[in-house]
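Observations on the three-dimensional arrangement
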Amino acid sequence: MQQTNAKRQKAILLLFALLSLLAVIPKLFVGFDIDEGYAVAMPYRLLQGDRLFGEMWEIHQTSALLPALLMKPYIALTGGTEGVVLYLRFVAALIHTFMTCVFYAVAKNTLPAGENIEDNTKAVILAALLYFNILPKWLLNLDFSMQQLWGLTLICGLLILEERQKKAYVSLLTGAALSLTVLGYPGMIVLYPAILCIYLIIDKDNEIKFRIKKCIYLTLACSILAAAFLAYVISGEGMAGFTRGLTNIFSDGTHSLSKDQQLLLDLSRILNLAKQWIVFLAAALMASALVGAACYAIRKRKAPEADRGDMESVSFNAKGIFDIRNITRYVAVVTSLLIIFGQLVGIRMGPFHFQSRFLLLFVLIWILCYKERRRETSEKMLFVILLLTTVAFAGILLFSNVGPDASGSYLSIGLILGLVAFLPGGEEHRGFLPGAAILLFLLSVIMSKGFYVRYTEYFPADILQKRVAVTAGPLKGIRLLEQDAEMEQEERDMVAGTTKPGQICALLGTDQILNLSMQGKAEPVSTISTPAFNGQWITYYECYPELLPDVIFIAKNTVDDRQKFFEKNEFGIWLAERYDIANMEENGALCRIERSN
């Protein structure tokens, strides 16, 4: 019987591994989102010669260094940017596969060891499969969200290596990994004091001198790399230019709200999060009560003569329903079933729906971790990784205009390890439910990754919809909905066909991938995918008058009322004084204006 169960478990793991691989295919070939266009346009600007904090005022510009490094040989070999998006996705898939192997090592050295080595291996494989499938923004590219995930994974791996090697100088590597993570996502600067606290307060197994030495090595590595980066930035722009750029990138409009606006936005997000949590918890409690009552009725019928003491382990009572471990399992089950069967019953949703379940499950895992620590059964490194994940999440909320709901998937590292470590429990918690909860959760994230397709503005779509392949340009090889493919070609033809080498061009729109199709040099103020055309754009061209575009393209889906834009918007008024808007050219998607003589 045990051998049969072992074979069945191996077959299930193999099935989920195959499904995980299949889920990569849509991420490589299907769909395109404006956020990905932003992630590709930024490194392209670097390769054009634009300088960080100089000509570039993008708020996530430091994350462009890695993709620029990887784009450069592709452009050199192919002579252009055709197919570059597909290339970058393949590179991201390879890096993510490698980081999954790193996470496998992290899980192997973090999850509590049991008596059965085979069971431990299966748990680690489950954790690795979850990591492979949960993407922070459900995009497989080299953007700042993926760099944050990879960087945090590497930091966790190095902290485990430090613990095993007992060599203080390993902290130099941790400092280097932290520095690269901060470049990818500057909000991760909050991890520096967190790691110092881990060294000095949590790591009590080592002598204080050794812990202080690790702090020094960590700080040394961070300081050297920070100084090198600062020297690189100010070498082209000077300290005054660097300070000016650093100040102006935060005036983009989408990241600069008044205190009252920010307060109202935060309150609405908290209220929305609370509503979803109430629904999830109510559904979980209801499921727990129904299953508990059903199990009790079935077992009571099988043993009607059993007395109260004999039935204690299977009795239907409030203690079992409200058990935190039980609630956590049922939250995982209920929310996973909603995602898996939502499409089948006609609920159209994008991959960002039910993101708040990640945050709810993470809070429940912290409660379980606290209970386990009271019983002295939790592992120190598991606690450390949960702490780092929490601090990283706080950094994301502090340095982002996205709320906790949409950011829930950034909790994946601690969430995965916590689910696999705490959901099974001890012998008294064995049974069908723990395994079903984790497998259903895994299936739901595979579906979010491979079935649902993220589109602009998170429009709900899936892989069953008919698509056509783009045959030219940066998106060559990517399959889009027919109307999107037609619009992409129309926009690309106009941008490529009406610009000339040597011209300076700019796009006022959200589809920033068009910058790669311009024959001239793309010089917008920012390639952010949610632009706000405010005074920042005027300031930029006043700082760099030599970069004032010869040709400007205005996307109709971004500036829908051009007359109002040129009469009411401060940047639109500024443009109307300098560009020939009376002779504007246009097609179905774009308007084109030239600078007045």
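This text follows the structure it describes.
Residues numbered from 1 in each chain as written. Predicted model: local features only at pLDDT ≥ 70, side-chain atom pairs only at ≥ 80, totals over all residues. Heavy atoms only, no water.

Some remarks on the sheet that holds strand S6 (residues 585–586)
- With mixed pairing, five strands are arranged side by side in an open sheet as S4-S3-S5-S7-S6. The open sheet has two edge strands, strand S4 (521–522) and S6, and neither has a second partner.
- Pairing geometry for strand S5 (residues 551–555) and strand S7 (residues 590–594), over five bridges, is antiparallel. Residue Ile-554 lies in a different strand from S7, and its bridge partner there is Cys-591.
- Contacting S5, S6 and S7, helix H17 (residues 482–497) runs over the sheet at an angle of about 15° to S7. (Pairing = 2+ DSSP bridges. Helix = DSSP H or I, 4+ residues; strand = E, 2+ residues; numbered from the N terminus. Contact = heavy atoms within 4.5 Å. Axes fitted to C-alpha atoms, helices over the stretch in contact; angles between N-to-C directions.)

A word on a nonpolar patch on the surface
- Nonpolar side chains collect at one region of the surface, where Leu-200, Ile-201, Ile-208, Ile-212 and Ile-216 lie side by side and expose about 450 Å² of accessible area between them.
- Elements with a minimum of two residues in the nonpolar patch: helix H8 (191–202) and helix H9 (208–248).
- The greatest single-element share of the nonpolar patch, amounting to three residues, is contributed by H9.
- Counting through the fold element by element, Ile-216 comes out in helix H9. (Patch = residues over 30% accessible without salt bridge, like charges linked within 9 Å, V, L, I, M, F, W, Y side chains within 5 Å. Areas by Shrake-Rupley, 256 points an atom, 1.4 Å probe, with all protein chains shown as cover. Salt bridge = Lys/Arg side-chain N within 4 Å of Asp/Glu carboxyl O.)

Observations regarding the packing of aromatic side chains
- Across all of its chains, the model carries 19 aromatic pairs by this definition.
- When the ring of Trp-57 is compared with that of Tyr-540, the centres are 4.9 Å apart and the planes differ by 85°; the resulting orientation is edge-to-face. On the criterion of sequence distance, the pair formed by Trp-57 in the loop between helix H2 (34–48) and helix H3 (65–78) and Tyr-540 in helix H18 (residues 535–543) is long-range, its members being 483 residues apart. There is no split in this pair, since Trp-57 and Tyr-540 are both buried.
- Taking the centre distance of 6.3 Å and the plane angle of 80° together, the rings of Tyr-185 and Tyr-410 count as edge-to-face. Of this pair, Tyr-185 sits in the loop between helix H7 (170–184) and H8 while Tyr-410 sits in the loop between helix H14 (380–398) and helix H15 (412–422), and the two are 225 residues apart along the sequence.
- Taking the relative accessible area as the measure of exposure, Tyr-185 reaches 4% and is therefore buried.
- Counting every residue linked through ring pairs, the aromatic cluster contains Trp-57, Phe-533, Trp-537, Tyr-540, Tyr-541, Tyr-544, Phe-565, Phe-566, Phe-571 and Trp-574.
- Looking at Lys-449, its charged tip hangs above the ring of Phe-132, at a distance of 4.0 Å from the centre. (Phe/Tyr/Trp six-rings, centres within 6.5 Å; stacked < 30°, edge-to-face > 60°. Buried < 20%, exposed > 50% of the residue type's maximum accessible area, 1.4 Å probe, protein only. Lys NZ or Arg CZ within 6 Å of the ring centre and 35° of its normal.)

Comments concerning the pairing of S5
- Within S5, five of the five residues are buried, which leaves it mostly tucked inside the rest of the structure.
- Of the two faces of S5, the one holding Val-551, Phe-553 and Ala-555 and the one holding Ile-552 and Ile-554 are both buried throughout.

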